[in-house]
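Summary of the model geometry
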Amino acid sequence: YAAKHAGVRHRSHQSELDVVAGEQALLAAEMRAALDTGQFRVVYQPIVSLPDGRIVSVEALVRWEHPTRGFVSPVEFIPVAEQNGLIVELGAWILRTACAQAVMWRNELGEAAPERMSVNVSARQLAEPGFADVVASVLAWTGLGARHLIVEVTETAVFGGGQTVQTVKDLHELGVKIALDDFGTGHSSLGLLQTIPVDVLKVDKSFVDGITMAGRHAVIATALIQVSNGLGLMAVAEGVETAEQAAELHRLGYRLAQGYHFGRPVAEPDFTGARVAVV
Ligand code: C2E
Ligand code: MG
Ligand code: MG
Ligand code: MG
C-alpha cells in the first residue's frame, strides 16, 4: 500500500509540475506576441517628500493587459521573462518608454515635473554584458540626463553572478543613481552597501506595515533610517497605506515615501493636484 500510495503521490505531484511548466511555457509564448502587439504598458507611482507630499520621483512599473486573461501581474510574468530571456528585450522597452516619458514631462511641466524616474532592473538584465551601454544609449536617444534616472536593483539581482557588480559600478559612473529595492529582506542587505555604490535605500513594505505598533518593525525602520542618514543615502519607505504610517515615518526621520496612501501606479499621475500633508 505504501509503495502504491507513494506512486500515486509521485504521479500527482509530477502532473502538478507539468501543469505549472505548461502554464509557464504558454505564458512565455504569449509574452513574445504581447511584445509584438503592444500589450505591455508602463504605469508610474509617485514617490513623495514628507511631510508635504510633493512628488519628487516616480517609479515605472510594467503592466500586461492580456486580451483574454485580463490583467497579469508582473509578479507572475517577470520571473517567466527572466527564465526565457525575454526580460532583456522587455526591460529595454520599459527603460526606453520610461525615459521618454520623463523627458516629455520635463518638456511639458518644467520644474513641476518629477525630478527622477526610477526603473526596476532584473537579475538577467544586470548580468547581460553591455547593460550599462544599453542604459547609456537609451539616455542619449531620449535625451534624459543620467542624474534624472534611478535604477532599482535587488540584492538577489546584484549577487546574480557574472559582471553584475561591475555593471552597477559602470551605471553609477554614468551618473545614474542606484537604488536597493526591497531593502532589508535579503540575506546580507547591509553587506551589499559595502559592495556596490548605492544612492537610495527602498525600505521594504514589510517594515512599514507594522510601524505604528511599537515593536520589531518600528525598531528596524528606525535602524534603517539611521544607516541611511549615516551613509548619506536617501531612504524611501515603501508600501505606505495609511496617514498614521506616513506620520510615524516622518517622525522617525523619513523624508521620502511611496505607497497607495499617496498614489497608486497610474499611466498619467497628477503632478499639479492636491498634495497629501502628513503633519
Ligand atoms: P517593487 O519594485 O518593489 O514595486 C513595488 C510594488 O508594490 C508594485 O507592485 C506596487 O504597485 C506595489 N505597491 C506600491 N505601493 C503599495 C502599497 O501601498 N500597498 C501595496 N500592497 N502595494 C504597493 P507591482 O507593480 O505589482 O510590481 C511587483 C514587483 O514586480 C515589483 O516590486 C518588481 O519587483 C516587479 N516589477 C514591476 N514592474 C517591473 C519592471 O518594469 N521591471 C522589472 N524588472 N520588474 C518589475
Ligand atoms: Mg521597485
Ligand atoms: Mg520595492
Ligand atoms: Mg518589492
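Quick caveat: nothing in here was measured; it's all calculated off a predicted structure. In every chain, residue numbers begin from 1 and rise along the written sequence. Throughout, the order in which chains and ligands are written sets their labels, letters from A for the former and numbers from 1 for the latter. Given that the model is predicted, a residue must reach a pLDDT of at least 70 before its local features are reported, and side-chain atom pairs must reach 80 or more before they are shown or counted; all residues, however, enter totals for whole chains, interfaces and linings. Side-chain measures here rest on the full set of heavy atoms in the structure, leaving out hydrogens and waters.

1. Examining the nonpolar core
M31, F40, M117, L126, L149, L180 and Y254 are the most contacted members of the largest nonpolar core, which totals 77 residues. Contacts were defined at the residue level, with two residues in contact if any of their heavy atoms lie within 4.5 Å. Other than its neighbours up to four places away in sequence, Y254 contacts L50, V203, A221, L224, I225, A235, A237 and L249. Nonpolar cores were defined as sets of buried Ala, Val, Leu, Ile, Met, Phe, Trp, Tyr and Cys residues, with membership established by side-chain atoms within 4.5 Å. Buried, partly exposed and exposed residues are distinguished by accessible area as a fraction of the type maximum, computed with a 1.4 Å probe on protein chains only: under 20%, between the cut-offs, and over 50%, respectively.

2. Remarks on the site of ligand 1
Put simply, a residue is near a molecule or strand once any heavy atom of it comes within 4 Å of that molecule or strand. Around ligand 1 sit 21 residues, and of these R63, N120, D181, E241 and Y260 come closest. Within the contact set of ligand 1, an oxygen atom lies 2.9 Å away from a side-chain nitrogen or oxygen of N120. Within the side chain of D182, an N or O atom sits 3.2 Å from an oxygen atom of ligand 1. A 1.4 Å probe and the Shrake-Rupley method give the accessible areas. Residues count as covered only by the protein chains that appear here. Within the complex, the protein chains bury 80% of what would otherwise be the 800 Å² of accessible surface of ligand 1. Because more than half of its atoms lie within 2 Å of the grid, ligand 1 is assigned to the largest pocket. Looking at the shell around ligand 1, the elements that each hand over two or more residues are β2 (55-66), α2 (74-84) and β6 (177-183). What counts as a helix is a DSSP run of H or I of at least four residues, what counts as a strand is a run of E of at least two, and both are numbered from the N terminus. Ranked by the residues each element gives to the shell around ligand 1, the list is headed by β2, at four residues. Under this definition, polar contacts are N or O atom pairs within 3.5 Å; protein pairs additionally need one hydrogen-donor-capable and one acceptor-capable atom, and for neighbouring residues in sequence, both atoms have to be side-chain atoms. Points on a 1 Å grid over protein atoms alone make up a cavity when a 1.4 Å probe fits among them but cannot get out, and a pocket when they form an open set with protein on both sides within 12 Å along at least five of seven lines; lining residues each have an atom within 4 Å of a point. Just a note on the criterion: a molecule sits in a pocket or cavity if more than half of its atoms are within 2 Å of the grid points.

3. Some details on the coordination of the magnesium ion (ligand 3)
The protein atoms donating to the magnesium ion (ligand 3) are D181 (OD) and E238 (OE), with metal-donor distances spanning 1.9 to 2.0 Å. Metal-coordinating donors are taken as N, O and S atoms lying within 2.8 Å of the metal, or within 3.2 Å when the metal is Na, K or Ca; because water is left out, some sites can appear incomplete. Taken as a pair, the magnesium ion (ligand 3) and the magnesium ion (ligand 2) lie 3.6 Å from each other and share D181 as a ligand. One end of the pair, D181, is in strand β6; the other, E238, is in the loop between β8 (234-237) and α11 (243-252), with 57 residues separating them in the sequence. A residue is classified by how much of its surface remains accessible, and D181, at 10% relative accessible area, is buried. Residue E238 is classed as buried on the basis of its relative accessible area, which comes to 11%.

4. Here's the deal with the packing of aromatic side chains
Two aromatic rings, drawn from Phe, Tyr or Trp (for Trp, its six-membered ring), form a pair once their centres lie within 6.5 Å of each other, and the interplanar angle then sorts them: stacked below 30 degrees, edge-to-face above 60, tilted otherwise. In this structure the tally under the stated criterion is five aromatic pairs. Residues F40 and F77 carry aromatic rings whose centres are separated by 5.5 Å and whose planes lie at 50° to one another, so their mutual orientation is tilted. Taken as a pair, F40 in strand β1 (residues 40-49) and F77 in helix α2 lie far apart in primary sequence, 37 residues in all. On the basis of relative accessibility, which here comes to 6%, the residue F40 falls in the buried class. Classification of F77 by relative accessible area gives buried; the value is 0%. Sitting over the face of the ring of Y260, R264 holds its NZ or CZ atom 3.8 Å from the ring centroid. Distance and angle both matter: a charge sits over a ring if NZ of Lys or CZ of Arg is within 6 Å of the ring centre and within 35 degrees of the ring normal.

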